[in-house]
Amino acid sequence: MPATDRHLYRAPSNVPYFSRDADTYLAETPLRDLRKERELRVLSEEDFAFWQTYGYIVVKQAVPAESAKKLLDFAWDFQGLDPERPETWYEELEFRSDLDRELHVYGFVEAYQHQLMWDNRQAQRVYDAFADVWDCAELWVTLDRLNLNPPNVRTRSRDLIPATERGFDIKLHWDIDSTLGVVPQRVQGIIALNDTKPEQGGFQCNPELFRHFDRWKVQQPADRDPIRPAYDPEEFPVVRPDLEAGDLLIWNGALAHGVAPNISTDGVRAVQYLSMMPALEGHEELRRSRVESYRTLSTPEWNATLLGDRDKPEALRYGPAELTDLGSKLLGLTSWTGKQFDDATGDAACAESA
């Protein structure tokens with residue numbers, strides 16, 4: 001994300017959502033307490049109640065399993081890895097930084113704009129699910145990457161990453177500062193690209209801690225870690241939702257979550273990181289940056305951990321993806337409010353939205 005000033009940007013929605021950093025949101029009512037005004041599109045009433053109670057929900061077959069398989073094949077190819085030859089998964093590489101090494105260990109794939117990724121982003125069922133949890137139709141999609149995590153051994157062993165006592169922990173953490181008096185609202189998601197067995201690791205979370213967070217926090221010391229929870233695993237057990245290829249998992253940023261290590265012999269965990277949030281069309285710098293990243297296949301600027309591929313960037317591999325009318329709005333190329341932004345200059349022109 002480009003550097004932001006201290007303006008408070010409002011989403012063009014009937015629900016009042018505001019953001020300074022274009023990553024977390026301020027709202028009159030937390031998502032866990034939101035009362036729906038719009039009719040549910042994908043989630044059932046039971047699904048929505050589960051989401052608000054436990055902080056996550058799985059949407060089965062949000063995209064076809066065949067689409068997930070194609071994206072999985074792309075992830076292998078993009079990195080030059082052979083799924084049938086595990087020796088190719090653990091080559092010695094030259095890293096640009098410690099962060100680059102850590103991202104490799106965790107299995108991140110630095111692709112952002114391929115057509116197959118956009119096909120999932122602009123899938124109607126995916127969009128409808130995020131519209132359900134935000135109770136908001138005017139959304140932007142994150143320009144995020146893929147994850148392809150083989151067994152965490154050798155050059156991908158987590159032991160290569162120094163342990164810390166506080167702050168971010170890949171095994172369990174919050175995406176927001178949990179000590180704030182008014183907790184910011186954030187939503188994240190993944191689409192499973194293959195069926196993941198328990199030993200292959202993957203997403204894990206602490207739904208009971210989310211459910212009883214208010215009671216838990218008053219019992220904690222004033223100087224507790226705002227990112228990493230200290231909890232009793234018997235009272236607040238960690239769970240690992242079952243995911244099949246094409247399933248979408250959405251979680252609340254206030255849900256403590258993480259990624260379990262892959263301890264299998266030869267299995268791989270693969271997902272696409274994909275989330276949506278209320279569009280901030282008034283944040284012109286951010287909107288232009290998003291469109292520019294899409295148009296030039298450059299690394300998005302919204303997150304300092306997005307590094308781009310070290311060997312052959314996307315712009316040298318393929319051209320821009322084709323967007324549907326929905327995809328154009330989710331990017332910020334077309335406004336939800338009836339304006340169309342010029343693709344060459346970024347200037348707004350009056351037009352009917354599709």
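In what follows, the structure referred to is the one given above.
Described in the following lines is the structure provided in the data block.

What counts, and where the lines are drawn
Residues numbered from 1 in each chain as written. Predicted model: local features only at pLDDT ≥ 70, side-chain atom pairs only at ≥ 80, totals over all residues. Heavy atoms only, no water. Pairing = 2+ DSSP bridges. Helix = DSSP H or I, 4+ residues; strand = E, 2+ residues; numbered from the N terminus. Contact = heavy atoms within 4.5 Å. Axes fitted to C-alpha atoms, helices over the stretch in contact; angles between N-to-C directions. 1 Å grid on protein atoms, 1.4 Å probe; cavity = no way out; pocket = protein on both sides within 12 Å on 5 of 7 lines; lining within 4 Å. Points joined across faces, edges and corners; volume = space filled by probe spheres on them. Nonpolar A, V, L, I, M, F, W, Y, C, P; charged D, E, K, R; others polar.

## Observations regarding the sheet that holds strand β5 (residues 108–109)
1) Next: If you walk across this open sheet you meet the six strands as β4-β10-β8-β12-β7-β5, and the pairing is antiparallel. Looking at which strands have only one partner, the edges of the open sheet turn out to be β4 (56–59) and β5.
2) Next: Two elements, β4 and strand β10 (residues 248–252), share four bridges in a ladder whose sense is antiparallel. What sits directly across from Val 58, in β10, is Leu 249.
3) Next: Running over the sheet, helix α2 (residues 65–79) touches β5, β7 (146–149), β8 (187–192) and β12 (269–273) and is turned about 75° from β7.

## Focus on empty space enclosed by the protein
1) Next: Enumeration over the complete set of coordinates arrives at one cavity of 30 Å³ or more.
2) Next: What lines the largest cavity is a set of 24 residues, and nearest its centre among them are Ala 22, Asp 23, Thr 142, Met 277 and Trp 302.
3) Next: Residue assignment for the lining of the largest cavity shows that the elements contributing at least two residues are β8 and α8 (284–296).
4) Next: A per-element tally of the lining of the largest cavity places α8 first, with four residues.
5) Next: Of the residues assigned to the lining of the largest cavity, the class counts are 13 nonpolar, six polar and five charged.

## Some words on the layout of surface pockets
1) Next: What the largest pocket holds in volume is close to 1100 Å³.
2) Next: If you go around the largest pocket, you meet 43 residues; those closest to its centre are Tyr 106, Phe 108, Phe 168, Ile 170 and His 173.
3) Next: Mapped by element, the contributors of at least two residues to the lining of the largest pocket are α3 (98–106), β7, β8, β11 (257–260) and β12.
4) Next: For the lining of the largest pocket, the element with the highest residue contribution is α3, accounting for four residues.
5) Next: Residue composition of the lining of the largest pocket, grouped by class: 21 nonpolar, 10 polar and 12 charged.

## Section: the side chain of Asp 144
1) Next: Assignment of secondary structure puts Asp 144 in the loop between β6 (139–141) and β7.
2) Next: The contact partners of Asp 144, leaving out residues within four places of it in the chain, are Ala 111, Tyr 112, Met 117, Arg 121, Tyr 273, Trp 302 and Leu 306.

## Quick look at the environment of Asp 311
1) Next: Along the chain, Asp 311 falls in the loop between α8 and α9 (325–331).
2) Next: Placed 232 residues apart in sequence, Asp 311 and Gln 79 show a C-alpha to C-alpha distance of 9.2 Å.

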